[in-house]
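# Report on the structure
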Amino acid sequence: MKNILLAVSGGIAAYKAIDLTSKLTQAGYDVRVMLTEHAQEFVTPLAFQAISRNPVYTSTFKEENPAEIQHIALGDWADAVIIAPATANIIGKLANGIADDMITSTLLATTVPKFVAPAMNVHMYENPRVQANMQVLAEDGYHFAEPGEGFLACGYVAKGRMMEPLDIMAFMRQTMEQNNNQSVINESDWFNGKYALVTAGPTVEVIDPVRFVSNRASGKMGYALADALQKRGAKVTLVSGPTSLTPPENVDFVPVTSAEDMFNAVVERFDAQNFIFKTAAVSDYKPAEKLEHKMKKQDGDLTISFTRTKDILKYLGEHKAHQKLIGFAAETQDIEKYAKAKLEKKNADVIIANNVGDTSIGFSSDDNEVTLYFKNDEAVNIEKGKKQQLAGRILEELERRWK
């Protein structure tokens with residue numbers, strides 16, 4: 001997939017469409033932009049032309065090439081169409097088959113996958129008619145990049161905020177892959193052909209044949225990263241502690257149990273990697289003695305001695321050569337302080353931190369919100385979203401800085 005047709009309708013979030021054009025272009029896509037008349041009240045065609053290096057289309061009746069019908073030719077040229085922002089007005093027109101401008105005429109004439117990023121006031125978004133129109137389009141095969149919650153131009157803090165540009169890109173990639181429409185790996189993808197190792201899930205430290213010490217890690221973030229990496233063409237090894245998840249396709253899956261198992265599996269494969277993503281929640285301590293038989297209940301309290309496990313991230317930081325080392329920090333307080341300390345102490349290239357004390361983005365949640373801390377003191381926050389979307393955002397942020 002190479003050619004992206006971006007349709008911009010008249011909402012305040014149109015300014016984000018300029019950023020989306022930039023990010024798509026940087027990722028190697030050929031982008032052409034259509035603007036409605038009302039979109040031009042917020043943004044100018046020149047901004048999109050300068051970034052995309054392509055003509056910008058604003059009128060059905062302004063034919064750039066007399067040898068073709070413009071709105072038909074554009075629809076045939078595109079591999080996918082993104083409508084961002086999508087106002088209630090443009091959604092209503094499309095749902096009712098109205099073709100009274102460049103965008104609606106083109107969208108009714110093209111058969112390629114269509115992605116819609118709604119942006120509007122929360123009451124407009126929840127209006128039964130708008131919801132019904134979106135349902136009609138979804139039944140017609142349109143894919144909706146669901147808006148997030150946040151500060152809206154009207155002053156509300158509620159749902160209706162357009163999905164961020166990098167999240168839209170990740171959503172498009174994931175949807176295309178899931179629907180098996182076509183590969184979305186471009187030759188320009190920076191991760192294509194590189195080797196990446198991802199650790200995920202918890203580790204389990206055995207006390208006796210029936211008892212163990214572990215943690216609440218689900219492995220969802222690590223599995224999402226492994227999946228996002230392989231979709232970008234990376235050769236991925238996923239070293240995972242016990243989880244209930246199904247490993248992504250096209251990865252080398254290495255199941256482990258204990259921290260010692262994970263250490264050995266990672267070190268054995270370390271030299272061949274370009275990237276190490278340490279998302280696993282590794283036990284810091286293990287029982288000093290592993291009992292051969294079940295420990296019997298006795299009167300009084302029980303004391304078990306623990307010893308430190310090997311610090312995998314620290315070992316990798318001390319021994320890395322060409323590798324980029326990405327660590328994760330699951331904290332419940334003083335997140336920035338602990339993340340920056342870990343970045344320096346473990347000699348990582350970036351630490352990705354999140355607040356696991358927030359149950360809405362904790363270990364078992366499908367959602368997450370993270371902050372990337374880099375060595376140059378730069379901190380990048382990625383807003384709350386599905387872990388699959390965040391995985392794509394994380395890779396985009398790394399590529400932008402390391403390419």
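Note that the structure is a prediction, hence the values are computed from the model and not measured.

### Digging into the environment of alanine 280
The topology assignment puts alanine 280 in the loop between strand S14 (275-278) and strand S15 (285-287). According to the relative accessible area criterion, alanine 280 is buried, its value standing at 11%. Taking the C-alpha atoms as reference, alanine 280 lies 9.3 Å from methionine 262; in sequence the two are 18 residues apart. Not counting chain neighbours up to four residues away, the residues in contact with alanine 280 comprise Thr199, Ala200, Gly201 and Met262.

### Thoughts on the packing of helix H4 (residues 88-95) against helix H7 (residues 128-139)
In the contact formed by H4 and H7, the axes pass within 9 Å of each other and the chain directions differ by 50°. Taken as axis vectors, H4 and H7 run oblique relative to one another. H4 and H7 meet at a crossing whose hand is left-handed. Across from Ala88, Ile91, Gly92, Leu94 and Ala95 in H4, the residues of H7 making contact are Val130, Asn133, Met134, Val136 and Leu137.

### Focus: a nonpolar patch on the surface
Taken together, the side chains of Tyr285, Leu302, Ile304 and Phe306 define a hydrophobic patch exposed on the protein surface, amounting to about 380 Å² of accessible area. Among the structural elements, leucine 302 can be located in the loop between S15 and strand S16 (306-308).

### Points about the pattern of salt bridges
Pairing is possible between side chains that carry opposite charge, provided their charged atoms lie close to one another. Going through the model one piece at a time under the given rule, you end up with 20 salt bridges. Between aspartate 100 and lysine 93 there is a salt bridge, with its nearest N and O atoms 3.0 Å apart. You can call lysine 93 buried: its relative accessible area is 16%.

### Details of the confidence of the model for the chain
Chain-level pLDDT for the chain is 89 on average; 94% of the residues reach the 70-or-more range. Strand S7 (residues 148-151) is the least confidently modelled element of the chain, averaging 74 in pLDDT, while S14 averages 97, the highest of any element. In the model, residues 181-185 has pLDDT below 50 throughout and makes 19 contacts with residues more than four positions away in sequence or in other chains.

### Section: the nonpolar core
With 33 residues, the main nonpolar core has Leu229, Phe277, Ile326, Leu372, Ile394 and Leu398 as its most contacted residues. Top element by residues in this core is helix H9 (residues 220-231). It accounts for seven residues. Non-local contacts of isoleucine 394, meaning those with residues more than four positions away in its chain, are made with Met221, Leu225, Ile352, Val370, Leu372 and Ile382. One finds Val8, Ile82, Ala84 and Phe115 within the second-largest nonpolar core, a separate group that totals 32 residues.

### Observations concerning the sheet that holds strand S1 (residues 3-8)
Pairing in this open sheet of six strands is parallel, and the strands run S3-S2-S1-S4-S5-S6 from one edge to the other. Of all the strands in the sheet, the pair left with one neighbour each is strand S3 (56-57) and strand S6 (143-144). Pairing geometry for strand S5 (residues 114-118) and S6, over two bridges, is parallel. If you follow phenylalanine 115 over to S6, its bridge partner there is histidine 143. Here helix H1 (residues 14-26) sits on the sheet and contacts S1, strand S2 (30-35) and strand S4 (80-86); the angle it forms with S1, its principal contact strand, is near 175°.

### Here's the deal with the layout of surface pockets
Reported here for the largest pocket is a volume of approximately 1000 Å³. As for the largest pocket, its lining consists of 41 residues, and the residues nearest its centre are Ala280, Ala281, Val282, Phe328 and Lys342. Sorting the residues of the lining of the largest pocket by element identifies H9, helix H11 (312-319), strand S17 (324-331) and helix H12 (335-345) as the ones contributing at least two each. The computed volume of the second largest pocket comes to approximately 560 Å³. Contributing to the lining of the second largest pocket are 18 residues, with Pro147, Gly148, Glu149, Lys384 and Gly385 lying nearest its centre. Looking at the lining of the second largest pocket, the elements with two or more residues in it are S7, strand S8 (157-161) and strand S20 (379-386). Grouping the constituent residues of the lining of the second largest pocket by class yields four nonpolar, four polar and 10 charged.

### With respect to empty space enclosed by the protein
Tallied over the full model, the rule gives one cavity of 30 Å³ or more. Estimated volume of the largest cavity: approximately 100 Å³. Together, Ala170, Arg173, Gln174, Ala224, Asp227, Ala228, Lys231, Arg232, Gln388 and Gly392 line the largest cavity. Taken together, the elements giving at least two residues each to the lining of the largest cavity come down to helix H8 (165-178), H9 and helix H13 (387-402). Broken down by element, the residue count for the lining of the largest cavity peaks at four residues, all from H9. Looking at the lining of the largest cavity residue by residue, the class counts come to three nonpolar, three polar and four charged.

Cut-offs and rules
- Residues numbered from 1 in each chain as written.
- Predicted model: local features only at pLDDT ≥ 70, side-chain atom pairs only at ≥ 80, totals over all residues.
- Heavy atoms only, no water.
- Helix = DSSP H or I, 4+ residues; strand = E, 2+ residues; numbered from the N terminus.
- Buried < 20%, exposed > 50% of the residue type's maximum accessible area, 1.4 Å probe, protein only.
- Contact = heavy atoms within 4.5 Å.
- Axes fitted to C-alpha atoms, helices over the stretch in contact; angles between N-to-C directions.
- Parallel < 35°, antiparallel > 145°, perpendicular 65-115°, else oblique.
- Left-handed = near helix turned anticlockwise from the far one by under 90°.
- Patch = residues over 30% accessible without salt bridge, like charges linked within 9 Å, V, L, I, M, F, W, Y side chains within 5 Å.
- Areas by Shrake-Rupley, 256 points an atom, 1.4 Å probe, with all protein chains shown as cover.
- Salt bridge = Lys/Arg side-chain N within 4 Å of Asp/Glu carboxyl O.
- pLDDT = per-residue confidence, 0-100.
- Core = buried A, V, L, I, M, F, W, Y, C linked by side-chain atoms within 4.5 Å.
- Pairing = 2+ DSSP bridges.
- 1 Å grid on protein atoms, 1.4 Å probe; cavity = no way out; pocket = protein on both sides within 12 Å on 5 of 7 lines; lining within 4 Å.
- Points joined across faces, edges and corners; volume = space filled by probe spheres on them.
- Nonpolar A, V, L, I, M, F, W, Y, C, P; charged D, E, K, R; others polar.

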